[in-house]
Amino acid sequence: MTTRLLERRPGRLEIGQADGIQARSVETFQAFGFAERIIAEAYRITEMCFWKPDPNDPATIVRSARTPDDETGISEFPHLIVNQARVLDYFAESAERGPARITPHYGWEFKKLTVEDEGDYPVRVELAGCAEHNQGVERTVRAKYVLGADGAHSRVRDSIGARHFGDVANHAWGVMDVLAVSDFPDYRTKCAISSQAGSILHIPREGGYLCRMYIDLGVVSADDNKAVRKTPIETIIRKANEILHPYTLDVRNVAWWSVYEVDHRVTDPFDDVPVDQAGEKLPHVFIAGDACHTHSAKAGQGMNVSMQDGFNLGWKHGQVLTGRSPESLLSTYSQERHVIARNLIEFDRKWSSIMAVNAKELEEPAEEFYVKTFEFPAGFMTQNEPSMIVGEATHQELAADFPIGKRFKSR
Ligand SMILES: Cc1cc2nc3c(=O)[nH]c(=O)nc-3n(C[C@H](O)[C@H](O)[C@H](O)COP(=O)(O)OP(=O)(O)OC[C@H]3O[C@@H](n4cnc5c(N)ncnc54)[C@H](O)[C@@H]3O)c2cc1C
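Before going into details, it helps to say that this report is about the structure given with it. For clarity, every value in this text was computed on a predicted model and none was experimentally measured.

**Some thoughts on the overall build of the protein chain**
Argument step 1. Across its full length, the protein chain carries 8 helices and 20 strands.
Argument step 2. Taken against the 2.2 N^0.38 rule, which gives 22 Å for 411 residues, the C-alpha radius of gyration of the protein chain at 22 Å falls within 12% of a compact globule.
Argument step 3. Dimensions of the protein chain along its principal axes, counting C-alpha atoms only, are 70 × 60 × 45 Å.
Argument step 4. Within the span of the protein chain, comprising 411 residues, buried residues form 46% of the whole.
Argument step 5. Sequence separation of at least 24 residues holds for 70% of the intrachain contacts in the protein chain that already meet a minimum separation of 6.
Argument step 6. Taken as a whole, the protein chain presents about 21,100 Å² of accessible surface, with 50% of it coming from carbon and sulfur.
Argument step 7. Averaged over its 47 positive side-chain charges, the protein chain has a centre that lies 3 Å from the centre of its 60 negative ones.

**What to know about the site of the ligand**
Argument step 1. Neighbouring the ligand are 21 residues, the closest being Glu7, Arg9, Gln84, Tyr214 and Asp290.
Argument step 2. In the environment of the ligand, an oxygen atom lies 3.2 Å from a nitrogen or oxygen atom belonging to the side chain of Gln17.
Argument step 3. One of the side-chain nitrogen or oxygen atoms of Tyr214 is found 2.6 Å away from an oxygen atom of the ligand.
Argument step 4. In the complex, 79% of the free accessible area of the ligand, which totals 960 Å², lies under the protein chains.
Argument step 5. Contributing elements (two or more residues each) for the shell around the ligand: β8 (108–115), β16 (211–219) and α6 (302–321).
Argument step 6. The class makeup of the residues in the shell around the ligand is 8 nonpolar, 6 polar and 7 charged.

**Looking at the pattern of salt bridges**
Argument step 1. Enumeration according to the criterion identifies 27 salt bridges in this entry.
Argument step 2. A salt bridge links Glu109 to Arg155; the shortest N-O distance between them is 3.5 Å. Of this pair, Glu109 sits in strand β8 while Arg155 is found in helix α4 (residues 155–159), placing the two residues 46 residues apart along the sequence.
Argument step 3. Accessibility expressed as a relative area gives 15% for Glu109, which makes it buried.

**Some words on the environment of Tyr247**
Argument step 1. Within the secondary structure layout, Tyr247 lies in the loop between α5 (233–244) and β17 (249–262).
Argument step 2. Put simply, Tyr247 and Ile45 are 202 residues apart on the chain and 23 Å apart in space, counted from C-alpha to C-alpha.
Argument step 3. Contact partners of Tyr247, with chain neighbours within four places excluded, come to Trp51, Ile61, Asp183, Phe184, Pro185 and Asn241.

**Digging into the state of the cysteines**
Argument step 1. Applying the stated criterion across every chain yields a total of 0 disulfides.
Argument step 2. No disulfide involves Cys49; its sulfur sits 4.9 Å from the nearest other cysteine sulfur, which is in Cys191.
Argument step 3. Given the relative accessible area of 0%, Cys49 is considered buried.

**A closer look at helix α1 (residues 23–32)**
Argument step 1. For α1, every residue scored as buried is listed here: Ala23, Ser25, Val26, Glu27, Thr28 and Phe29.
Argument step 2. The secondary structure elements touched by the buried residues of α1 are β2 (20–21), α2 (35–41), β6 (79–81), α3 (84–97) and α6.
Argument step 3. Gly33 lies just past α1 and shows a positive phi near 85 degrees.

**Let's talk about the sheet that holds β16**
Argument step 1. The mixed open sheet is built from 7 strands, whose spatial order is β5-β4-β14-β15-β16-β13-β17. The open sheet has two edge strands with one neighbour each: β5 (57–68) and β17. Going across the sheet, the axis of each strand differs from the next one's by a mean of 20 degrees, ignoring polarity.
Argument step 2. Across 8 bridges, strand β4 (residues 47–54) lies against β5 in antiparallel orientation. Of the residues in β5, the one forming a bridge with Cys49 is Arg66.
Argument step 3. In the packing of α5 onto the sheet, contacts are made with β5, β13 (171–182), β14 (190–195), β15 (198–204), β16 and β17, and the angle to β17 comes to roughly 105 degrees.

**Here's the deal with the side chain of Asn312**
Argument step 1. By secondary structure assignment, the location of Asn312 is in helix α6.
Argument step 2. On the accessibility criterion, Asn312 (9% relative accessible area) is buried.
Argument step 3. Within polar-contact distance, the side chain of Asn312 engages the side chain of Lys316 at 2.8 Å.

**What about unusual backbone geometry?**
Argument step 1. A cis amide bond links His245 to the next residue, Pro246, at an omega of 20 degrees.
Argument step 2. Mapped onto the secondary structure, Pro246 falls in the loop between α5 and β17.
Argument step 3. For Arg101, which is not a glycine, the phi torsion comes out positive at approximately 50 degrees.
Argument step 4. Structurally, Arg101 can be placed in the loop between α3 and β7 (105–106).
Argument step 5. Taking relative accessible area as the criterion, Arg101 reaches 56% and is therefore assigned exposed.
Argument step 6. Look at Asn225: it is not a glycine, yet its phi comes out positive at around 55 degrees.
Argument step 7. Summarising the element assignment, Asn225 is placed in the loop between β16 and α5.

Conventions used here
Residues numbered from 1 in each chain as written. Predicted model: local features only at pLDDT ≥ 70, side-chain atom pairs only at ≥ 80, totals over all residues. Heavy atoms only, no water. Helix = DSSP H or I, 4+ residues; strand = E, 2+ residues; numbered from the N terminus. Rg over C-alpha atoms; globule rule 2.2 N^0.38 Å. Buried < 20%, exposed > 50% of the residue type's maximum accessible area, 1.4 Å probe, protein only. Contact = heavy atoms within 4.5 Å. Areas by Shrake-Rupley, 256 points an atom, 1.4 Å probe, with all protein chains shown as cover. Lys, Arg positive; Asp, Glu negative; His and termini not counted. Charge placed at Lys NZ, Arg CZ, Asp CG, Glu CD. Near = heavy atom within 4 Å. Polar contact = N/O pair within 3.5 Å; in protein donor to acceptor, adjacent residues only side chain to side chain. Nonpolar A, V, L, I, M, F, W, Y, C, P; charged D, E, K, R; others polar. Salt bridge = Lys/Arg side-chain N within 4 Å of Asp/Glu carboxyl O. Disulfide = S-S within 2.5 Å. Pairing = 2+ DSSP bridges. Axes fitted to C-alpha atoms, helices over the stretch in contact; angles between N-to-C directions.

Right, dumping it as structure tokens:
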């Protein structure tokens, strides 16, 4: 198989972006042979603390719960914190050493594509060089299949006319990786902190020194025009200190920071076959990850669910391109992953509202929801519906503990 991997950045991702690795992802890393190495360099989450306003002095915060991670033993794989850049490094190494010897072509920007009705290579992709060495160079590539994993502003999605449904961005977050001196008692534990001044998701980073904080910058008004993205780091640090009061955060160095807006959106479908023609046409263009589902970072799902999209598509393309399965197998990608994306967005809305700023009288405390629903964010709730590769549950009683369409438990 010949595979081309295009990326407009000039080189590898160095810092920033997502960092929470769920157990199901670590299980996937094992399939690629690098689970042990990434576990060794990661921060391992074994518990999470919840902080809320002190009932006796609501202007200050107090720890309300300390919950174990994976209390019911859903997986033997750990829950990790490790930078997305390292995850990409390991996958890149695996791709380079694999039979197809794939290395990314950095510095190429996808412009648009068209799908023709006939021929072995029906997708025509137009590219432009955007690195120093190839500025102004244009290329056209013919492909059998194209996967757009080009993020929330996906041009591949636009090229196939797929619509992105949901609310527009309306909530802003500041995120920072910092070296700091703090008297906050749970500084080296993952925490959800909710105070009268707002909320923080606090995550100690691998290596033992840095920590990451997601700081709620609140709802963005419709006429904000992206002004919130210009929020300076000093404002974010000040806000963090207000939320942590009476504790303090003395930031000595900022390794990376960003401001981003969050929406809840999902695309339908995840391939180039219009919904009303599903099953009649074969797909040739697919979208995965943020290109087809976006949500908040609070449940740490962005990178994890996106990797499972890719894994789902990867094995199916392997089967089809080596002649082991009919091309129609590829239609199951959108069917299976679209359900997951919708469930994810529903889960994220609930989790975000539970952790929302000034959440006072919740029907269900955040810590209870976290423990009760842990199987979902850990990545093990996926249960595919009947299709050409998943049978009906007609004889489910013969193996009652092994739900049809769901991954077998490994214990
Ligand atoms: C700045 C930023 C901060 C984030 N922070 C967090 C976080 O703190 N926690 C969290 O859970 N999630 C975070 N996310 C989201 C998380 O990183 C994503 O859910 C996850 O990376 C999804 O992976 P993806 O491959 O679908 O998209 P991305 O990681 O966005 O990757 C898309 C890639 O496509 C490339 N690309 C885009 N357009 C083109 C084009 N036209 N031609 C060529 N290449 C193109 C981009 O350069 C990028 O490398 C963040 C995302 C961003 C962009």
